[in-house]
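# Summary of structural features
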Amino acid sequence: MKRFFRQILPVLALAFVLLVPGMRVEAGTIASIDATVAEKTITVKGVADRGVLSVSVLLYDEAEENLLQMQSVAVDNEKKFSVEFEVEYGKYLVKAADYEGGAFAKKTVTVEETKPETKPETKPETKPETKPLVTTDEAGKKVVTYDESSMTNAIAECKAGDVVKVVVPAGKTIKSEVFAKAKEVGTSVELVASDGKVVWNFKKITGEMKDFYADAKIGATLEDVSKAMTNASVPETLKYTTVDFTYSGQLAGEVEVSLNLSDKGYTEGQTVYFYYFNPNTERFELMDKSAYKSGVAIFKITHCSEYIVTNEELPTALTAPKTGDQTNILLFALILIIGISFIGTVMVSNCVTKKQK
């Protein structure tokens, strides 16, 4: 037996020498790798394949030209590994592989300076500026902004004798309650059409007023007026401009209306005439006359309808007595009443005297 062992041992030794150099351990691979940043610390975590016992983790600059740090770390029972690097701000490349060799898993990571969170500046809440209901212009007029919900209250803030001025948008009305409040307070009302062509001055409101439109069509073609002019013999020197007020009807007292006629060819300082066209008689009735100054003519009227402005008086064939002008009739009636009363008084006195005798 001893002789056998002495013979076999040299053979085993020779086999070991020949076989061991040919035996190689195959390197494992890294299944996954991840890198997170907190301040200036890079934490590298990963999972290795089965058979990997330890991992080499290398930290390069972004271009992978310079190896900055290297660590070896053991793999735990769950095949996981973790390692940390302290670095400065910048971009880096992390590589991890089996300690025995093999392919590298790579991960690029950026370490940025964490800036403190800046909250947006909180400005104190500013409430919208409350505009006063009434302001005063250079002429001393009380200017009220057009607002159906507040104009009545605005006029209530004024006092008797104030001139309340309102610019009225096209197509909008001044409600009847606004006129009623002005009458109650004792203010006059100046209404300006938004295009500036018409200005109304209600100096004294004596009656009730309906909802009122301040604008008008100046120079528009009015068929009934054109027909009347065509059918009559008018002098060639006659020039006229039609005025069609949007509002139609009686006004709350006598009102001054200013008309901008600057583009109608009238001569500065000349007298212009304001006629009402009566559709029933198809004749024109003189309402007022005015001096044309600085492109504006001012007339007094008591109702709105279709009118014309002329540069001279119309011929008799086109005119009729002024509508509503009952001054002479009233005067005659007053004289008649006084006369009858006087005669009656005399007759009664005579009768009493005779009885006494």
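It should be emphasised that the depicted structure is a prediction, and the values quoted were computed from it without experimental measurement. (Residues numbered from 1 in each chain as written. Predicted model: local features only at pLDDT ≥ 70, side-chain atom pairs only at ≥ 80, totals over all residues. Heavy atoms only, no water.)

## Looking at the overall build of the protein chain
We count it as follows: Under the scheme used here, helices are H or I runs from DSSP no shorter than 4 residues and strands are E runs no shorter than 2 residues, and both carry numbers assigned from the N terminus. Each residue's exposure class comes from its accessible area (1.4 Å probe, protein chains only) as a fraction of the maximum for that residue type: buried when under 20%, exposed when over 50%, partly exposed otherwise. Contact between two residues is taken to exist if any of their heavy atoms lie within 4.5 Å; hydrogens are not considered.
Counting its secondary structure elements, the protein chain contains five helices and 20 strands. Considering the protein chain as a whole, with its 357 residues, one finds that 34% of them fall into the buried category. In the protein chain, the proportion of contacts linking residues at least 24 apart, taken out of those at least 6 apart, comes to 63%.

## Digging into the pattern of salt bridges
Let me state the cut-off plainly: By salt bridge we mean one thing: a side-chain nitrogen of Lys or Arg within 4 Å of a carboxyl oxygen of Asp or Glu.
Per the counting criterion, the structure on display carries 10 salt bridges. Put simply, Glu78 and Lys80 hold a salt bridge, and the shortest N to O gap is 3.7 Å. Looking at Glu78, the relative accessible area reads 55%, which means it is exposed. Residue classification places Lys80 among the partly exposed residues on the basis of a relative accessible area of 42%. Between Lys264 and Asp263 there is a salt bridge, with the nearest N and O atoms lying 4.0 Å from each other. Of the residues examined, Lys264 reaches a relative accessible area of 25% and is grouped as partly exposed. For Asp263, a relative accessible area of 52% gives the class exposed. Residues joined by salt bridges that share partners form a network here, namely Glu64, Lys95 and Lys106.

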